[in-house]
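Remarks on the overall topology
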Amino acid sequence: MKFGQIPVETAEGAVLAHSTTAGERRFRKAHRLSAEDVALLRAAGISEVVAAVLAEDDLGEDAAAQTIAESMAFRGIEARPAATGRVNLHAKAPGIFTVDAAVIDAINAIDPAITIATLAQHAPVEKGQMVATVKIIPFAVSSALVDAATKICAAGEIFAVNAYRPLRVGVIQTVLPGIKPSVLDKTLRVTEARLARTGGRLTAERRTSHEIAPVAEATASLARDNDMVVIFGASAMSDFADVIPAAIEKAGGAVIRAGMPVDPGNLLVLGTLGGKHVIGAPGCARSPKENGFDWVLDRLIAGLDVTARDIAAMGVGGLLMEIPTRPQPREPLPAKSQLKVGIVLLAAGRSSRMGGPNKLLALFDGKPLVRRTAERALGSKASGTVIVTGHQRERVRAALVGLDVTFADNPDFAEGLSTSLKAGIAYLPEDSAGVMIVLGDMPDITSDDLDRLIDAFRKAGGNAVVRASHDGKRGNPVLLPRSLFPAIAHLEGDTGARHLVETEGLDVIDVEIGAAASVDVDTREALEGAGGVLQD
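The shown structure was predicted, so the numbers you read here are calculated from the model rather than taken from an experiment. (Residues numbered from 1 in each chain as written. Predicted model: local features only at pLDDT ≥ 70, side-chain atom pairs only at ≥ 80, totals over all residues. Heavy atoms only, no water.)

Some remarks on the overall build of the protein chain
Assigned secondary structure in the protein chain consists of 16 helices and 30 strands. The dimensions of the protein chain, computed from C-alpha atoms along their principal axes, are 90 × 60 × 40 Å. Counting all 536 residues of the protein chain, 49% fall into the buried class. If you sum the accessible surface of the protein chain, you get close to 23,800 Å²; carbon and sulfur atoms cover 51% of it. In the protein chain, which carries 57 positive and 65 negative side-chain charges, the distance between the mean positions of the two groups comes to 5 Å. (Helix = DSSP H or I, 4+ residues; strand = E, 2+ residues; numbered from the N terminus. Buried < 20%, exposed > 50% of the residue type's maximum accessible area, 1.4 Å probe, protein only. Areas by Shrake-Rupley, 256 points an atom, 1.4 Å probe, with all protein chains shown as cover. Lys, Arg positive; Asp, Glu negative; His and termini not counted. Charge placed at Lys NZ, Arg CZ, Asp CG, Glu CD.)

Here's what the structure looks like:
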């Protein structure tokens, strides 16, 4: 592939490196020029373009990414169609991600043009979450390089999502004088919440004195009827022959490892009894916050073996004291009615089809259109509104003075819709379950319309795409779940939410809201027909 400035006369078949405008026609980045396109560029007085010219043995970016992805062996994962030189891979179910790091390293060492990025080894994932992405950096890559990557992939499974299994878990809590029943009750609630995330359930509890014999008896009893036993000691383990490891052995089991290089979590005990795992939980496991107990529990529930050597290798990255990751989803998830939805209102466009005036500043009933839309967003059930500005930034902001909104400036607005989506979502709070993309030029959208979309999203548990429709035809706004946020970060050019809805494979719920879903004001005629008055 050759890249650089080339004469327009020889540009047929070349791939544009940058968005280019020829008269009223705008060619997007990565557009392959046809003979007709070349004629339009010449007529517009453009003599050169920056483009990539593919060689005979080159594969286009999408074809190369798709070929590599199709050559991979994986489990519990689905690959989405290639777009902008990228194939994203997503988890089919919640579980634990595993990856052959040596294979990933080998592919990434072939050439910088071919890249694969994944989540960390043993990362917990949710259904629909992106776990890996194949990205071709240039517009094309030599087929020989792609062949080299596919040969490496042929070696075996490259990564997997090991789905959680709905295990039955019995719990033992030992008791010493002075321990409050409320502490034991809270421990049960926290443990039930941990298991609920993976589909497991706490089936039985035994409370015994903090002595070897009664703990051993309870362990043997619970192991017969459950898939796993977890023991919470009233006193922390102070020796490798202390009550919990000794009780596992007295019950006829074996201790795999006592102690782990993860803090909090140092005092974990892992053993087996009759083919079932027994975990002596460290004291920190009474809290929902992440600790070493989570690392071992998650892997076991996902069907992964945990050896003494595995635990010994957890020290790097095992200092969790100052890491504010989780409690969620370790704490009980919020009720569906409490799922937070933020609004990103797009107000950065140039209104190019208006011939000069900014349509967002047009007056409707004496009020600027962008303010009218923002007020309706604020009047909805949304948890907050982010307004993305770009073109005529100061004028748009002036029209919104006094409103309780967050502004996200997009200096790259001319590069396309994707830049505004990314700019707005970057300002959403971390606890947002989804985002509603609201166009600033839809004068008939009401707060009630927005609430109907939010209600449908919450009813679906925050896992579906919800979009407004009119007479069965898709429209706007569109509400996207948080699982799509990573995919939005990879959008380029004018690609918007519709692309994600069509390619990411999530359930889609259409909510009929009437004509408001399809009324926008892209042209002067449409704006005036809707009752607007343009301002200079």
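Overview of unusual backbone geometry
Note that the residue after Asp263, namely Pro264, is joined by a cis bond; omega there is 5°. Looking at the secondary structure, you find Pro264 in the loop between β19 (254-258) and β20 (269-273). A cis amide bond links Asn476 with the next residue in sequence, Pro477, at an omega value of 5°. Mapped onto the fold, Pro477 is located in strand β29 (residues 473-481).

Digging into the pattern of salt bridges
Taken as a whole and assessed by the stated rule, the structure comprises 18 salt bridges. Two residues, Lys381 and Asp455, come together in a salt bridge whose shortest N-O distance is 2.9 Å. Here the residue Lys381 occupies a position in the loop between α10 (369-378) and β25 (384-389), and Asp455 occupies one in helix α13 (residues 447-459), the gap between them amounting to 74 residues. Owing to a relative accessible area of 34%, Asp455 belongs among the partly exposed residues under this scheme. (Salt bridge = Lys/Arg side-chain N within 4 Å of Asp/Glu carboxyl O.)

Quick look at the packing of helix α6 (residues 212-225) against helix α7 (residues 243-250)
Direction vectors running N to C along α6 and α7 enclose 55°, while the axes themselves pass 8 Å from each other. Judged by the angle between their axes, α6 and α7 are oblique. As for the relative orientation of α6 and α7, their crossing is right-handed in sense. Of the residues in α7, those touching α6 at Ile212, Ala213, Val215 and Ala216 are Val243, Ala246, Ala247 and Lys250. (Axes fitted to C-alpha atoms, helices over the stretch in contact; angles between N-to-C directions. Parallel < 35°, antiparallel > 145°, perpendicular 65-115°, else oblique. Left-handed = near helix turned anticlockwise from the far one by under 90°. Contact = heavy atoms within 4.5 Å.)

A closer look at the pairing of strand β15 (residues 157-163)
Along β15, 5 of the 7 residues are buried, which leaves the element largely enclosed by surrounding structure. Judged from the 3 bridges that link them, strand β7 (residues 73-75) and β15 form a sheet pairing that is parallel. The residue bridging Phe74 from the neighbouring strand is Phe159, located in β15. Summarising the sheet, strand β10 (residues 95-99) and β15 pair through 5 bridges and their orientation is antiparallel. Bridging across to β15, Phe97 finds its partner in Val161. (Pairing = 2+ DSSP bridges.)

Observations concerning the pairing of β20
Here β20 lies mainly inside the structure; 4 of its 5 residues are buried. Taken together, the 5 bridges between β20 and strand β21 (residues 276-281) define a ladder with antiparallel strand orientation. Note that in β21 the partner of Gly271 across the bridge is Val278. The hairpin formed by β20 and β21 contains 2 residues between the paired strands, and Gly274 there has a positive phi angle of roughly 60°.

Remarks on the sheet that holds strand β8 (residues 77-79)
Within a sheet, adjacent strands bond to each other through the backbone by hydrogen bonds, running parallel or antiparallel. Read from one edge to the other, the open sheet built from 4 strands follows the order β8-β9-β13-β11, with strand pairing classed as antiparallel. Unpaired on one side and paired on the other, β8 and β11 (114-118) mark the two borders of the sheet. Averaged over all adjacent pairs, the angle separating strand axes in this sheet is 15°, with direction ignored. As paired elements, β8 and strand β9 (residues 86-91) share 3 bridges and run antiparallel to each other. Counterpart to Ile77 in the pairing with β9 is Ala91.

Observations concerning the environment of Ala101
By secondary structure assignment, the location of Ala101 is in helix α3 (residues 101-108). For Ala101, a relative accessible area of 43% puts it in the partly exposed group. Measuring from C-alpha to C-alpha, the distance between Ala101 and Ala14 comes to 36 Å, with 87 residues separating the pair along the chain.

Thoughts on the sheet that holds strand β5 (residues 48-53)
The strand order β1-β5-β2 describes an open sheet built from 3 strands, whose pairing is antiparallel. Every other strand in the sheet has two partners, leaving β1 (2-7) and β2 (15-16) as the edge strands with one partner each. Alignment of β1 against β5, held across 6 bridges, turns out to be antiparallel. For Gln5, the partnering residue across the bridge sits in β5 and is Val50.

So, the nonpolar core
Generally speaking, soluble globular proteins have nonpolar side chains that are buried together. Ranked by internal contacts, the top residues of the largest apolar core, which has 34 residues, are Val370, Met436 and Leu479. Elements represented by at least two residues in this core include exactly β22 (340-347), α10, β27 (432-439), α13 and β28 (465-470). For this core, the element with the most residues is α13, which contributes 5 residues. Non-local contacts of Val370, meaning those with residues more than four positions away in its chain, are made with Leu345, Ala347, Leu360, Val396, Ala399, Leu400 and Gly440. Val169, Ile279, Ala281 and Ile301 belong to the second-largest nonpolar core, a separate cluster that totals 30 residues. (Core = buried A, V, L, I, M, F, W, Y, C linked by side-chain atoms within 4.5 Å.)

What to know about the packing of helix α2 (residues 61-70) against helix α4 (residues 143-153)
Interhelical geometry of α2 versus α4 gives an angle of 15° and a closest axis separation of 9 Å. The orientation of α2 relative to α4 falls into the category roughly parallel. In this structure, α2 meets α4 at a crossing whose hand is right-handed. Contact residues: α2 offers Ala64, Thr67 and Ile68, while α4 offers Val146, Ala149, Thr150 and Cys153.

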